[in-house]
Amino acid sequence: MSEHKQPDLARRELLGRGAAIAAAGVTLAPGVMLYGVAQAKPADEPVSSKVRWGMLVDTTKCSSGCNACVEACDKEHGLGNEQHSRDGQRTQYIRKVELRHKFTGATHSLPVMCQHCETPPCVDVCPTGASFKRADGIVLVDRHICIGCRYCMMACPYKARSFVHEALTDQRPHTPRGKGCVESCTLCVHRVDEGREPACVEACAADGSRAIIFGDLNDPNSEIAQRVKTYASSEIRADLGLNTGVRYQGI
Amino acid sequence: MEIGGGKGFYGLLALLGAVIVAGLGAFFYMEHTGHWVTGMDNQIVWGAPHVFAIFLIVAASGALNVASIGTVFGKKMYQPLARMSALLAIALLIGGLTVLVLDLGRPDRLIVAMTHYNFKSIFAWNIILYNGFLALVAVYIWTMLDPTVKKFYKMAGFAAFVWRLILTTGTGSIFGWLVARQAYDAAIFAPMFIVMSFSFGLAIFLLVTMATYNWTNRPLGDAVIRRLKNLLGVFVAGVLFFVAVYHLSNLYATEHHGVQAFILRDGGVFTQAFWFGQILLGSLLPLALLYHPATGGSRFWIGIASALIIVGGFAQLFVILIGGQAYPLVMFPGYEVASSFHDGVINSYSPSLPELVLGFSGIGVAMAMMVVGMKVLRLAPASLADEVADPHHK
Ligand code: SF4
Ligand code: SF4
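Scoring rules and cut-offs
- Residues numbered from 1 in each chain as written.
- Chains lettered and ligands numbered in written order.
- Predicted model: local features only at pLDDT ≥ 70, side-chain atom pairs only at ≥ 80, totals over all residues.
- Heavy atoms only, no water.
- Buried < 20%, exposed > 50% of the residue type's maximum accessible area, 1.4 Å probe, protein only.
- Helix = DSSP H or I, 4+ residues; strand = E, 2+ residues; numbered from the N terminus.
- Pairing = 2+ DSSP bridges.
- Near = heavy atom within 4 Å.
- Nonpolar A, V, L, I, M, F, W, Y, C, P; charged D, E, K, R; others polar.
- Contact = heavy atoms within 4.5 Å.
- Buried area = accessible area lost by both parts, 1.4 Å probe.
- Salt bridge = Lys/Arg side-chain N within 4 Å of Asp/Glu carboxyl O.
- Axes fitted to C-alpha atoms, helices over the stretch in contact; angles between N-to-C directions.
- Parallel < 35°, antiparallel > 145°, perpendicular 65-115°, else oblique.
- Left-handed = near helix turned anticlockwise from the far one by under 90°.
- Phe/Tyr/Trp six-rings, centres within 6.5 Å; stacked < 30°, edge-to-face > 60°.
- Lys NZ or Arg CZ within 6 Å of the ring centre and 35° of its normal.

### Some details on the pairing of strand S3 (residues 53-58) of chain A
Residues in a regular strand point their side chains to alternate faces of the sheet.
Residue and element names in this part refer to chain A.
Then, in step 1: Buried residues dominate S3, accounting for six of its six residues.
Then, in step 2: On S3, burial covers both faces: Trp-53, Met-55 and Val-57 on one face and Gly-54, Leu-56 and Asp-58 on the other are all buried.
Then, in step 3: Inspection of the sheet shows S3 paired to strand S11 (residues 246-249) by four bridges, in the parallel sense. Counted as the bridge partner of Asp-58 is Gln-249 from S11.

In structure tokens:
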């Protein structure tokens, strides 16, 4: 199957190129300055379970018309280059969901992507182990051993996964998408391992909304840990008890 | 007496061969172009091929019924039919697995599925269960054919019987363990699938037996048929019972009202498939045919009833599989949901021709194996009835 050219990236991700720097960042909670302690680790050090990468989405800062995160994700991972796939067959790692409460009429707009569950159903059901969770909490698909059975898509409660319905060209080196495999948000693992933030987080901040913050949930000094400690946040489908890495504020 | 080698035999084989070749063509087409040519998408991720595959796999385990009753429960009357029953089980399973594998996104990586196991995955367990089933039933057939290993006949039969119960539990659990989806996530799927397997498997067995005896002009006692059709009726009623419990218990939980209303009332093609396909045509009508004095004694009507049960089985799996996916995931209870990724909307699915052809070719594979197997192994009872019917015969 030479047409499915897939650089050996997932392998490297699997082995882990070293967990990187905590979201090195200046951070503003109302009136308070918080500094995440940035700790660059040597590149050959394995991914550590001391770190739990996560995101916090503040839906009150996310506006209905804004699609900046989605566009940034598509660009980063080279999505949207399908030639033949129908609308329902195209890959989306992240999408904007519009909510309207049936009784109160309250509306919310929020991005939904792979929630990087601590106990991911997709990993549980995957027959080959292609779906896996790194020690630092990032859930990925090893595209070398995914057989395309789509059981993980049946199992994911967040509809976070897409199946590649056609042969693709011009893939990004860090996102080796291939026909017949399943894929989903990688939490921009290639960036995270370099100490950068995921593309959606960066784009949202650049846009001035700053509705998504990224960081190490296990690091008590990180902005994200401080925020989830101070303010009420929730998981989508908290009833399932999956302890997702992506949390939401304001819904 | 063996299954004839005449024109009819080769004609049937040619027909089945054509179906299989068409299926292979459909497979190469879908594999080469990618799944965009199918009706499946990121919402309906399992489509028509899976309906066929799971029907055949479920039926396979049930097809072993007759052999099990003969061996495990010591009912001599059924023992002459045991070989056919066991062969049918193998044939149906291979037919179903063929479809399942050929629909994978990367069927070329089948070897990966055989070498990389995630033991937490019920799917991985099923791969082991299916292979084990094939091996056990093959041994079982061997103990029936070869007098030198006959002492293992009971043991093999018993092992196969237990194994198939586990196997169908595993198949049912593919759905029963999906916490994400409203229509699934119910432990009742495992026992329901077991009774479904009894019913579908026996219906197919009855049809195959009657057809075989008809075509080869061999006598087939009414007593056997009558027993089997009564048993079939019990199984059909059993499936109805589980279906009723499943829906009633779900109606009790407010959380599940949406999906229940969808399947039972508002689901369009799924609602029709449920009430007309599964309940009326696939359950109530066959029950009436099997037990009504005017039709219950007639082979013709028993055959019709069996065929209807098979149709109903397909309808049931269509409703469970496709209907269960058509109903959107409930991520935000109480909210109206909209997105670019089909959140909050009822998804539709229309199977493409290649998917259906691939599905039917699974039936073709099973039937072809059956026809060839019966000829090569001379499994049809008339030839070896004595030895099998009476275990002490020497
Ligand atoms: S959100 Fe879905 S794809 Fe992501 S880890 Fe959880 S189950 Fe897996
Ligand atoms: S589609 Fe791939 S990642 Fe998903 S369950 Fe199957 S093998 Fe695992």
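Having put the structure on the table, let's press on.
### Observations concerning the site of ligand 1
Then, in step 1: Contacts to ligand 1 come from Cys114(A), Gln115(A), His116(A), Cys117(A), Pro120(A), Pro121(A), Cys122(A), Val139(A), Cys156(A), Pro157(A), Tyr158(A) and Arg161(A).
Then, in step 2: Split by residue class, the shell around ligand 1 holds nine nonpolar, two polar and one charged.

### A few points about the interface of chain A and chain B
Then, in step 1: Listed per partner, the contact involves 61 residues of chain A and 57 residues of chain B.
Then, in step 2: When chain A packs against chain B, close to 5,000 Å² is buried across both sides, 55% of that on carbon and sulfur atoms.
Then, in step 3: If you sort the residues of chain A by the area they bury against chain B, Tyr151(A), Met154(A) and Lys159(A) come out on top, with a joint share of 16%.
Then, in step 4: The interface formed by chain A and chain B includes four salt bridges.
Then, in step 5: One salt bridge in this structure joins Arg100(A) and Glu336(B), with 3.8 Å as the shortest N-O distance.
Then, in step 6: Where the side of chain A that touches chain B is concerned, the elements lending two or more residues are strand S4 (94-101), strand S5 (107-113), helix H3 (121-125), helix H4 (151-155) and strand S8 (162-163) of chain A.
Then, in step 7: The dominant element in the side of chain A that touches chain B, judged by the number of residues it contributes, is S4(A), at seven residues.
Then, in step 8: Residues that form the side of chain A that touches chain B fall into these classes: 27 nonpolar, 17 polar and 17 charged.

### With respect to the packing of helix H2 (residues 48-63) of chain B against helix H7 (residues 153-176) of chain B
Residues and elements named next belong to chain B.
Then, in step 1: Two elements in contact, H2 and H7, have axes whose closest approach is 9 Å; the angle formed by their N-to-C orientations is 155 degrees. One way to sum up the angle between H2 and H7 is to call them roughly antiparallel. Like other packed secondary-structure pairs, H2 and H7 cross with a definite hand, here left-handed. Here Ile-54, Ile-57, Val-58, Ser-61 and Gly-62 of H2 come into contact with H7, specifically with Arg-164, Leu-167, Thr-168, Thr-171 and Phe-175.
Then, in step 2: Residue composition of the contact of H2 with H7, by class: five nonpolar, four polar and one charged.

### Here we look at the site of ligand 2
Then, in step 1: In the vicinity of ligand 2, 13 residues are found, and the nearest of them are Cys126(A), Cys146(A), Cys149(A), Arg150(A) and Cys152(A).
Then, in step 2: Residue classes in the shell around ligand 2 are distributed as nine nonpolar, three polar and one charged.

### Some remarks on the environment of Ser340(B)
Then, in step 1: If you trace the backbone, Ser340(B) turns up in the loop between strand S1 (335-339) and helix H14 (353-377).
Then, in step 2: We classify Ser340(B) as partly exposed; its relative accessible area is 41%.

### Remarks on the packing of aromatic side chains
Then, in step 1: For the coordinates displayed, the defined rule picks out 28 aromatic pairs over all chains.
Then, in step 2: With a centroid separation of 5.1 Å and 15 degrees between ring planes, the pair formed by Trp53(A) and Phe214(A) is classed as stacked. You can see Trp53(A) sitting in strand S3 and its partner Phe214(A) sitting in strand S10 (residues 212-216), a full 161 residues away along the chain.
Then, in step 3: With a relative accessible area of 5%, Phe214(A) lands in the buried category.
Then, in step 4: When the ring of Phe198(B) is compared with that of Phe235(B), the centres are 5.0 Å apart and the planes differ by 45 degrees; the resulting orientation is tilted. With a gap of 37 residues between them, Phe198(B) in helix H8 (residues 189-215) and Phe235(B) in helix H9 (residues 222-252) connect regions that are remote in the sequence.
Then, in step 5: Using a relative accessible area of 17% as the deciding quantity, one classes Phe198(B) as buried.
Then, in step 6: Above the ring of Phe341(B), the side-chain terminus of Lys159(A) is found at 3.9 Å from the ring centroid.

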